[in-house]
Amino acid sequence: MRALLRILPPVMLVLVALAVAGCGVSIEDASRSGEAGPLEQKTAKVASESGGGQVQLPPRTPGVIRIAGQAEGSLTSDLVHGFKQKAATVGFEITNDEEDDAFEAFCAGKTDIVDSARPISPSEYAGCQANGVEPVQLEVASEAAVLAIANETDVGVDCLSVADVREIFRAASPVSSWSQVGWGRRTDPGVGAQTIKVAGPEPSANVFGYFGEFVLGDPEPSTLLLRGDYQSFPTERGVLEAVSGNPAAPDVANHHGESVQSENELKRAIKDAVAAVHVAEFQVEKGVEDERSEAEQEEDGDRLNAAEAKVVKLEAELADVEEQAREEATAAAEVATRLGTLGLFRFSYYGLWEERLRPMEISATSAEGAPE
């Protein structure tokens, strides 16, 4: 994560980037392959158009360090606590503002540090400079972005390039199946190829900001950059469910064929049992008509009762099997719906559920062994 730090009258800032790497390629190489260029270059135009002179910044309270923002998994609280043990004369004012509000206050000179998990945006950077505030970004920790499908899922692809990922996620993406990406890709979806779907966090998530900047090429990304069927979730739990679903569902779905077979066998057995009831009913009527002995007629009645009881028993078994088959069909539909879904996660969250997820390796090349 990064935090904004003001160590001199201007201001200083620290942030963390998320990285995608794999296929034997370093994180640094993967980042360079998708980055959109230095922040200073991206903000040059914005800064030149801001115009006007510097504003008068509010006075600082001596001996007090002002910190705004609270990135997920932040180290700030621990660092402040440790610092207080060594410098009791220094005070701290910490506000858990949203990142956008924290940056706005920072550029207005109201805070000294922004605790953030994303870099300062070009427009924010230019706004700071217009106010005479020069941000300095310091990286204090790092996170990673992981792209993963459901564990034990074979989509025919193990490694994607950054260009593949961009093509999969971008708006108006022509990619509809896994056969169109990775090594040996085809332009057509391919017969029987696994359909590709994507899921991830909402734009406010830090990992989305990193992904948008370094993969999609926009430092202030929004869902407008993404394909229309992108599944957006407010929490990573939602992304996890979209990708891997109920862990028990595949096993339940695998028994659907057995249940259907049992269902058909029971229906045949019920048909035979109902026929046996008709025969028993005829024998009862025949016994009365023929004036059989009381013992014989009692035997005929027992046979009828047994035949009717068998029908009731088989119908109850059929109802249970049909309910089980419906549950298995629902599980199979759930598996089919999310199968092939590629999800975007923070590495720290992926680590909690890695038994349910299969990460994609990401290369900085457009194809294995061939540079972009």
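Refer to the preceding data block for the structure.
Right, let's walk through the structure included here. If you're wondering where the values come from, they're calculated on a predicted model, not measured in any experiment.

## Focus on the overall build of the chain
And step 1. Along its length, the chain carries 12 helices and 14 strands.
And step 2. In the chain, which comprises 372 residues, the proportion classed as buried is 41%.
And step 3. Put simply, of all contacts in the chain between residues at least 6 apart along the chain, 76% involve residues at least 24 apart.
And step 4. As displayed, the chain has an accessible area near 19,500 Å², and 54% of this comes from carbon and sulfur atoms.

## Focus: helix 11 (residues 294-338)
And step 1. Spanning 45 residues, helix 11 covers 66 Å between terminal C-alpha atoms, matching the ideal 66 Å at 1.5 Å per step.
And step 2. Directly beyond the C-terminal end of helix 11, a positive phi value near 90° is found at Gly340.

## Considering the state of the cysteines
And step 1. One pass over the full model with this rule turns up one disulfide.
And step 2. With a sulfur-sulfur separation of 1.9 Å, Cys107 is cross-linked through a disulfide to Cys128. Since a negative S-S torsion denotes a left-handed disulfide, the Cys107-Cys128 link at about -70° is left-handed. With Cys107 in helix 4 (residues 99-107) and Cys128 in helix 5 (residues 122-130), the pair connects residues that are 21 residues apart, well separated along the chain. When sorted by exposure, Cys107 lands in the same class as Cys128, which is buried.

## Here's the deal with the pattern of salt bridges
And step 1. Considering all chains together, one arrives at 14 salt bridges under this definition.
And step 2. Measuring nitrogen to oxygen at the nearest pair gives 2.2 Å for the salt bridge that ties Arg358 to Asp158. With Arg358 in strand 13 (residues 357-359) and Asp158 in the loop between strand 8 (143-150) and strand 9 (159-161), the pair connects residues that are 200 residues apart, well separated along the chain.
And step 3. Exposure remark for Arg358: the relative accessible area of 23% places this residue in the partly exposed category.
And step 4. Since its relative accessible area comes to 47%, Asp158 is described here as partly exposed.
And step 5. For Glu167, the salt bridge is made with Arg170, and the minimal N-O distance between the two is 2.9 Å.
And step 6. Overall, the relative accessible area of 28% leaves Arg170 in the partly exposed class.
And step 7. When salt bridges with common partners are traced through the structure, they connect Arg60, Arg66 and Asp112 into a single cluster.

## A look at the side chain of Arg356
And step 1. One can find Arg356 in the loop between helix 12 (347-350) and strand 13.
And step 2. Ignoring any residue separated from it by four or fewer positions in sequence, one finds Arg356 in contact with Ile149, Ala150, Asn151, Arg237, Leu240, Glu241, Ser244, Gly245 and Pro247.

## Some points on the pairing of strand 8
Consecutive residues of a regular strand have side chains that alternate between opposite faces of the sheet.
And step 1. For strand 8, the tally of buried residues reaches seven of eight residues, placing the bulk of the element in the interior.
And step 2. Pairing between strand 8 and strand 12 (residues 341-346): four bridges, direction antiparallel. By the bridge assignment for strand 12, Ala148 is matched with Gly343.
And step 3. Bridge count for strand 8 against strand 13 is three bridges, and the pairing is antiparallel.

## Considerations on the environment of Ala248
And step 1. In this fold, Ala248 is placed in the loop between helix 8 (236-244) and helix 9 (249-254).
And step 2. By relative accessible area, Ala248 is classed as partly exposed at 39%.
And step 3. As a C-alpha pair, Ala248 and Ala331 span 83 residues in sequence and 8.6 Å in three-dimensional space.

## Notes on the packing of aromatic side chains
Centre-to-centre distance and the angle between the planes together describe a pair of aromatic rings.
And step 1. Considering all chains together, one arrives at seven aromatic pairs under this definition.
And step 2. Residues Phe83 and Phe92 carry aromatic rings whose centres are separated by 5.9 Å and whose planes lie at 90° to one another, so their mutual orientation is edge-to-face.
And step 3. Taking 6.3 Å as the distance between ring centres and 5° as the angle between the ring planes, the aromatic pair formed by Phe345 and Tyr349 counts as stacked.
And step 4. Above the face of the Trp353 ring, Arg237 is positioned so that its terminal group lies 4.8 Å from the ring centre.

## Some points on the environment of Ser176
And step 1. Inspection of the secondary structure puts Ser176 in the loop between helix 6 (162-169) and strand 10 (197-201).
And step 2. Once the C-alpha coordinates of Ser176 and Thr195 are considered, the two residues, 19 residues apart in sequence, prove to be 5.9 Å apart.

## Here we look at the packing of helix 10 (residues 256-289) against helix 11
And step 1. As a packed pair, helix 10 and helix 11 sit with axes 8 Å apart at the nearest point and diverge in direction by 160°. Relative to helix 11, helix 10 is oriented roughly antiparallel. Between helix 10 and helix 11 the crossing geometry is left-handed.

## Quick look at the packing of helix 4 against helix 5
A pair of packed helices is characterised by two quantities: the angle between their axes and the separation of those axes.
And step 1. Across the interface, helix 4 lies against helix 5 with an axial gap of 9 Å and an inter-helix angle of 20°. In terms of orientation, helix 4 lies roughly parallel with respect to helix 5. Contacts between helix 4 and helix 5 pair Asp100, Phe103, Phe106 and Cys107 from the former with Glu124, Gly127 and Cys128 from the latter.
And step 2. Looking at side-chain class alone, the contact of helix 4 with helix 5 contains four nonpolar, one polar and two charged residues.

## Let's talk about the nonpolar core
And step 1. If you look at the biggest cluster of nonpolar residues, it comprises 28 residues, and the most contacted ones within it are Leu160, Ile168, Phe169, Trp178, Leu342 and Met360.
And step 2. Residue contributions to this core peak at five residues, all from helix 7 (residues 206-214).
And step 3. In this structure, Ile168 is in contact with Leu160, Ser173, Val175, Val181, Ile196, Val198, Arg227 and Leu342, ignoring residues within four places of it in sequence.

Parameters at a glance
Residues numbered from 1 in each chain as written. Predicted model: local features only at pLDDT ≥ 70, side-chain atom pairs only at ≥ 80, totals over all residues. Heavy atoms only, no water. Helix = DSSP H or I, 4+ residues; strand = E, 2+ residues; numbered from the N terminus. Buried < 20%, exposed > 50% of the residue type's maximum accessible area, 1.4 Å probe, protein only. Contact = heavy atoms within 4.5 Å. Areas by Shrake-Rupley, 256 points an atom, 1.4 Å probe, with all protein chains shown as cover. Expected span 1.5 Å × (residues − 1). Disulfide = S-S within 2.5 Å. Salt bridge = Lys/Arg side-chain N within 4 Å of Asp/Glu carboxyl O. Pairing = 2+ DSSP bridges. Phe/Tyr/Trp six-rings, centres within 6.5 Å; stacked < 30°, edge-to-face > 60°. Lys NZ or Arg CZ within 6 Å of the ring centre and 35° of its normal. Axes fitted to C-alpha atoms, helices over the stretch in contact; angles between N-to-C directions. Parallel < 35°, antiparallel > 145°, perpendicular 65-115°, else oblique. Left-handed = near helix turned anticlockwise from the far one by under 90°. Nonpolar A, V, L, I, M, F, W, Y, C, P; charged D, E, K, R; others polar. Core = buried A, V, L, I, M, F, W, Y, C linked by side-chain atoms within 4.5 Å.

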